[in-house]
Amino acid sequence: MDNIQVFMRIRPLSEDEYRRDRSTESAVRILADNVVSIPSQRSENFTFDFVGDESCSQAEVFESVGKRAVEQCIQGYNGTIFAYGQTGSGKTFTMQGASDEFTGPDDELRGLIPRCFEYLFTRIAEEEARTNGRVKYLCRASYIEIYNESIYDLLDPLTRTCSMREDIKRGVFIDNVTEETVQHPNEAYDVFMRGTTNRHVSATSMNRESSRSHSVLMLVIQSLTQMDSELTEVRESRFNLVDLAGSERQKLANTSGMRLKEAANINKSLSTLGNVINSLVDIGNGRSRHVNYRDSKLTFLLRDSLGGNSVTFIIANVSPAISNDIETASTLRFAQRAKMIRNKAIVNQDMQGNVPQLQAEIQRLRAHIAHLKASVSSPTSSDSLTLSPVSAQRSTPIVDGPLLGTDVTAGLSEKEHRTTQFLLILAMRKLRESERQKSRYAETIFELKDSLDRRKRQLQQQNLVLKLKNAEITVLRRNAPIGYVTSAENSALREEITSLQASLSAQPDASDLLIENLQLREDLEYCLESQQSDGRLPERSDAILALETLINSKACSVDLQRSFPIIPDDNVYMGLEDRIKQAQHDINDLELQRDRLEFQINSIEEDWQSVNDGAHKLAKVDSDDQIAGIIEETMDSIVGDQARDTWSFISSIYSKSLLDY
């Protein structure tokens, strides 16, 4: 069992950080080769496997991390490299390099990924040449990203999302992800760059090309070795290169909208990663903890890399700026906790061959074991057997007890000895693997039971809340009066009535129209009263009756805005809208009627004014011609029938008086 290896790298100070801090002093102080501290934070020291300062080159990072990880994968172990740190701390530069184009092995700024590609295929060529072609290698590459807790295939951008599956043999894997066979560093880097162009990136105030997702480049390395006994040894290792999205503070990143949502999901997944690491550390210290791998897609996909079957390296990238000392301290604490996790890496190998040959070999081994047991049970045989140093060394991990003093390979040829030794070791590994598989099954069953219990508790709580709400609603409806509506419905209706009142306020106020019409009615009656003569008052015209009807209808429309009922019925809502439209239509009709009445009143006033003027003129003249001219002129200027009748009556009086005279 090996601990996770942690490499800390300090990037150089940027121009923006220098302008902001006005200082070239680094927030991180290197105390020794592998010990650092942050003076502005708590006085604690952080110890890592390797510490790289601002002058650390890409080649040094590869020699300390990438080369060792590739060597482990060549031997059949799973390997993982994490790049962790705040946004803008140099994770993508460490993994990818400074250029978007692969310039070959002469580029000193190329990152960890192209250097791993180069070294991997160099080692594959060396192994195939060393074994004279008995070992064959096959590499497959796939590239995915986890964006807003959804998995996307970066090699197939047309695919919407991918789903994760869990299998007994394969473990956790991504279903229907694109896998491409690569046989050269350039081919592998081309796959990497095609996926990188489809990755979600955007600009923030801390990074012009901030990664908004976690990317995982997965390499599957398979080797087939032809054994002397016509058996085939198969080894398969998985090499994960993970570029995590950086944690960020919204105050410094100034994100909003979609960028803010992305940052929230990034910080949530990184928080889950920290919780998983804390649980694994507690388990390493002997405490009983449940590891919540399933709380995040990232941790569930890379569960073997955290406390499982993998050789894991973490590169903690930090900024030397004093303004980022809080994030830097958080990154170092995360890395120091991760360093305490112990993984259980094993060689992923299996044997393949024809069934009769394997069965025959098993029978032969069983007979050999029975012969050894019979030899050990005989004292004379036990005394006569001696153990050579080489045989003892090979036999110790396989047989224990009384066999430690015997030569278990007596009577066997060198070839048979090697085959027997290899098959016994393979059987022991199979046994250990079955035990580990059993432990994993037990852990999976425990997680499923725990998840099921949580779901049951949540369901019970929800059912209880639902029952209480239904009971409360039933009581409220039973005690509520007819036409009762909920507060939400009341609020919606009030908002609708407010908007309707606002639209009605734009129309002429009915009260203003009422006052104006009353004033016109008083003026009209005053005109009629002023025309009283000879004790005769003209009867009210149809216009006055229409005016009274209009005034009554106006009086009924004054309270129009307060006449809307609040009834939770769609039909009533539609009727309410019809009433509002009808009210607006009535207001328009009232305006037209008002205009017509004003015209009639003006016409009546003009007629009575003509009658009054004609009467005054008749009183001042004596000749018949003048009287006839005034009567005819006044009659032509009068429009209304009532005024014409009145004028005819007045003119007849004058005409009769002249005849009598």
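Residues numbered from 1 in each chain as written. Predicted model: local features only at pLDDT ≥ 70, side-chain atom pairs only at ≥ 80, totals over all residues. Heavy atoms only, no water.

Enquirer: Help me understand the overall build of the protein, please; the structure alone is not making it clear to me.
Expert: Broken down by element type, the protein carries 19 helices and 19 strands. Counting every position in the protein, which comprises 661 residues, the buried fraction comes to 40%. Across the protein, contacts joining residues at least 24 apart in sequence account for 71% of those joining residues at least 6 apart. As displayed, the protein offers around 37,300 Å² of accessible surface, 51% of which is attributable to carbon and sulfur atoms. (Helix = DSSP H or I, 4+ residues; strand = E, 2+ residues; numbered from the N terminus. Buried < 20%, exposed > 50% of the residue type's maximum accessible area, 1.4 Å probe, protein only. Contact = heavy atoms within 4.5 Å. Areas by Shrake-Rupley, 256 points an atom, 1.4 Å probe, with all protein chains shown as cover.)

Enquirer: Sorry, what's going on with the packing of helix α2 (residues 58-74) against helix α4 (residues 112-130) here?
Expert: Packed helix pairs are characterised by how far apart their axes lie and by the angle those axes make with each other. It is at 9 Å that the axes of α2 and α4 come closest, and there the two elements cross at 45°. Relative to α4, α2 is oriented oblique. Crossing handedness for the pair α2 and α4: right-handed. Facing Gln-58, Ala-59, Val-61, Phe-62, Gly-66, Lys-67, Val-70, Glu-71 and Ile-74 of α2, the residues of α4 in contact are Leu-112, Arg-115, Cys-116, Tyr-119, Leu-120, Arg-123, Ile-124 and Glu-127. Along the lines of polarity and charge, the residues of the contact of α2 with α4 split into ten nonpolar, two polar and five charged. (Axes fitted to C-alpha atoms, helices over the stretch in contact; angles between N-to-C directions. Parallel < 35°, antiparallel > 145°, perpendicular 65-115°, else oblique. Left-handed = near helix turned anticlockwise from the far one by under 90°. Nonpolar A, V, L, I, M, F, W, Y, C, P; charged D, E, K, R; others polar.)

Enquirer: Can you walk me through the pairing of strand β11 (residues 171-174) in this structure?
Expert: A regular strand carries its side chains on alternate faces of the sheet. Bridge count between strand β10 (residues 164-167) and β11: four bridges; the pairing is antiparallel. Each bridged residue has a counterpart across the sheet, and for Arg-165 the counterpart in β11 is Phe-173. The turn joining β10 and β11, which pair antiparallel and follow one another in sequence, is formed by three residues. (Pairing = 2+ DSSP bridges.)

Enquirer: Looking at this structure, I do not really get the pattern of salt bridges. What am I missing?
Expert: Two side chains of opposite charge can pair, provided their charged atoms sit close to one another. The tally for this structure, following the rule as stated, stands at 17 salt bridges. Between Arg-238 and Glu-236 there is a salt bridge whose closest N-O contact spans 3.7 Å. For Asp-282, the salt bridge goes to Arg-287, with nearest N and O atoms at 3.6 Å. The exposure class of Asp-282 is buried, given its relative accessible area of 16%. Residue classification places Arg-287 among the partly exposed residues on the basis of a relative accessible area of 49%. (Salt bridge = Lys/Arg side-chain N within 4 Å of Asp/Glu carboxyl O.)

Enquirer: Just checking my understanding: could you explain a nonpolar patch on the surface for this structure?
Expert: Residues Ile-168, Tyr-441 and Ile-445 make up a contiguous nonpolar surface patch of roughly 290 Å² in combined accessible area. By the secondary structure assignment, Ile-168 is in the loop between β10 and β11. You can call Ile-168 exposed: its relative accessible area is 56%. (Patch = residues over 30% accessible without salt bridge, like charges linked within 9 Å, V, L, I, M, F, W, Y side chains within 5 Å.)

Enquirer: How should I be thinking about α2 in this particular structure?
Expert: Because an α-helix packs 3.6 residues into every turn, residues spaced three or four apart end up facing the same way. The axis of α2 is deflected most strongly, by about 35°, at Ser-64. All buried positions along α2 are accounted for by Gln-58, Val-61, Phe-62, Ser-64, Val-65, Gly-66, Ala-69, Val-70, Cys-73 and Ile-74. The first or second residue beyond α2 is Gly-76, which carries a positive phi of 110°. (Bend = angle between axes of the 7 residues up to and from the residue.)

Enquirer: How should the pairing of strand β19 (residues 349-352) be read in this particular structure?
Expert: Residue alternation in β19 divides its side chains into a buried set, Gln-349 and Met-351, and an unburied set, Asp-350 and Gln-352. In the sheet, strand β16 (residues 232-243) pairs with β19 via four bridges, with the strands oriented antiparallel. In the strand pairing of β19, Glu-233 is matched with Met-351.

Enquirer: Quick question: what am I supposed to make of the packing of aromatic side chains here?
Expert: How two aromatic rings sit relative to each other is set out by the distance from centre to centre and by the angle between their planes. One pass over the full model with this rule turns up six aromatic pairs. Taken together, the ring pairs in this structure connect Tyr-143, Tyr-189 and Phe-192 into an aromatic cluster. (Phe/Tyr/Trp six-rings, centres within 6.5 Å; stacked < 30°, edge-to-face > 60°.)

Enquirer: Explanation requested: unusual backbone geometry in the structure shown.
Expert: Within the chain, Asn-132 stands out as a residue other than glycine whose phi angle is a positive 55°. Considering the arrangement of structural elements, one finds Asn-132 in the loop between α4 and β8 (135-147). Taking the relative accessible area as the measure of exposure, Asn-132 reaches 72% and is therefore exposed. A positive phi is found at Glu-149, a non-glycine position, where the angle reads about 60°. Tracing the chain through its elements places Glu-149 in the loop between β8 and β9 (150-153).

Enquirer: How do you make sense of the environment of Gly-76 when you look at a structure like this?
Expert: In this fold, Gly-76 is placed in the loop between α2 and β7 (79-84). On the accessibility criterion, Gly-76 (2% relative accessible area) is buried. Measuring from C-alpha to C-alpha, the distance between Gly-76 and Arg-238 comes to 8.5 Å, with 162 residues separating the pair along the chain. Aside from chain neighbours lying at most four places away, what touches Gly-76 is Arg-235, Glu-236, Ser-237, Ile-346, Val-347 and Asn-348.

Enquirer: I'm lost on the environment of Ser-296 in this one. Help?
Expert: You can see Ser-296 is positioned in the loop between α7 (258-284) and α8 (297-301). In the structure, Ser-296 is positioned 147 residues away from Glu-149 in sequence and 7.3 Å away in space, judged by C-alpha atoms. Ser-296 has contacts with Glu-149, Ser-269 and Thr-272, leaving out every residue within four places of it along the chain. Within the local environment of Ser-296, its side chain forms a polar contact with the backbone nitrogen of Leu-298, the two atoms lying 3.3 Å apart. (Polar contact = N/O pair within 3.5 Å; in protein donor to acceptor, adjacent residues only side chain to side chain.)

Enquirer: Explain the sheet that holds strand β3 (residues 29-30) here, please?
Expert: Where strands meet in a sheet, backbone hydrogen bonds hold them as pairs that are either parallel or antiparallel. With respect to topology, three strands assemble into an open sheet ordered β3-β4-β5, the strand pairing being antiparallel. Single-partner strands in this sheet number two, and they are β3 and β5 (45-47). Strand direction decides the pairing type here: strand β4 (residues 35-37) and β5, joined by three bridges, are antiparallel. Within the sheet, the bridge partner assigned to Val-35 lies in β5 and is Thr-47. Along the sheet, helix α9 (residues 325-338) contacts β4 and β5; its crossing angle with β5, the most-contacted strand, is approximately 45°.

Enquirer: Help me understand the confidence of the model for the protein, please; the structure alone is not making it clear to me.
Expert: Detailed conclusions should not be drawn from predicted coordinates in areas where pLDDT is low. The predicted model of the protein averages 75 in pLDDT, with 72% of residues at 70 or higher. Note on residues 379-409: pLDDT is under 50 here. Beyond four places in sequence and across chains, it has 33 contacts. Across residues 554-569, confidence stays below pLDDT 50; counting only partners more than four residues off in sequence or on other chains, it has 33 contacts. (pLDDT = per-residue confidence, 0-100.)

Enquirer: Even after reading the chapter, I still don't get the nonpolar core, so can you show me in this structure?
Expert: Ranked by internal contacts, the top residues of the largest apolar core, which has 48 residues, are Met-8, Phe-48, Ile-144 and Ile-174. The dominant element in this core, judged by the number of residues it contributes, is α7, at seven residues. When neighbours within four sequence positions are excluded, Ile-144 is seen to be in contact with Ile-151, Tyr-152, Asp-153, Leu-154, Ile-174, Val-177, His-214, Ser-215, Val-216, Met-218 and Leu-301. (Core = buried A, V, L, I, M, F, W, Y, C linked by side-chain atoms within 4.5 Å.)

Enquirer: Sorry, what's going on with helix α5 (residues 185-197) here?
Expert: In this model, α5 (13 residues) spans 18 Å end to end at C-alpha, consistent with the 18 Å of a helix rising 1.5 Å per residue. For α5, the complete set of buried residues consists of Pro-185, Ala-188, Tyr-189, Val-191, Phe-192, Met-193, Gly-195 and Thr-196. Of the surrounding secondary structure, the elements contacted by the buried residues of α5 are α4, β8, β12 (180-182) and β15 (214-226). (Expected span 1.5 Å × (residues − 1).)

Enquirer: So what exactly am I meant to see when it comes to the environment of Ile-38 here?
Expert: Residue position: Ile-38 is located in the loop between β4 and β5. For Ile-38, a relative accessible area of 3% corresponds to the buried category. Expressed as a C-alpha distance, the spacing of Ile-38 and Leu-332, which sit 294 residues apart in the sequence, is 9.6 Å. Among residues more than four places away in sequence, those in contact with Ile-38 are Ala-27, Glu-44, Asp-325, Thr-328, Ala-329 and Leu-332.

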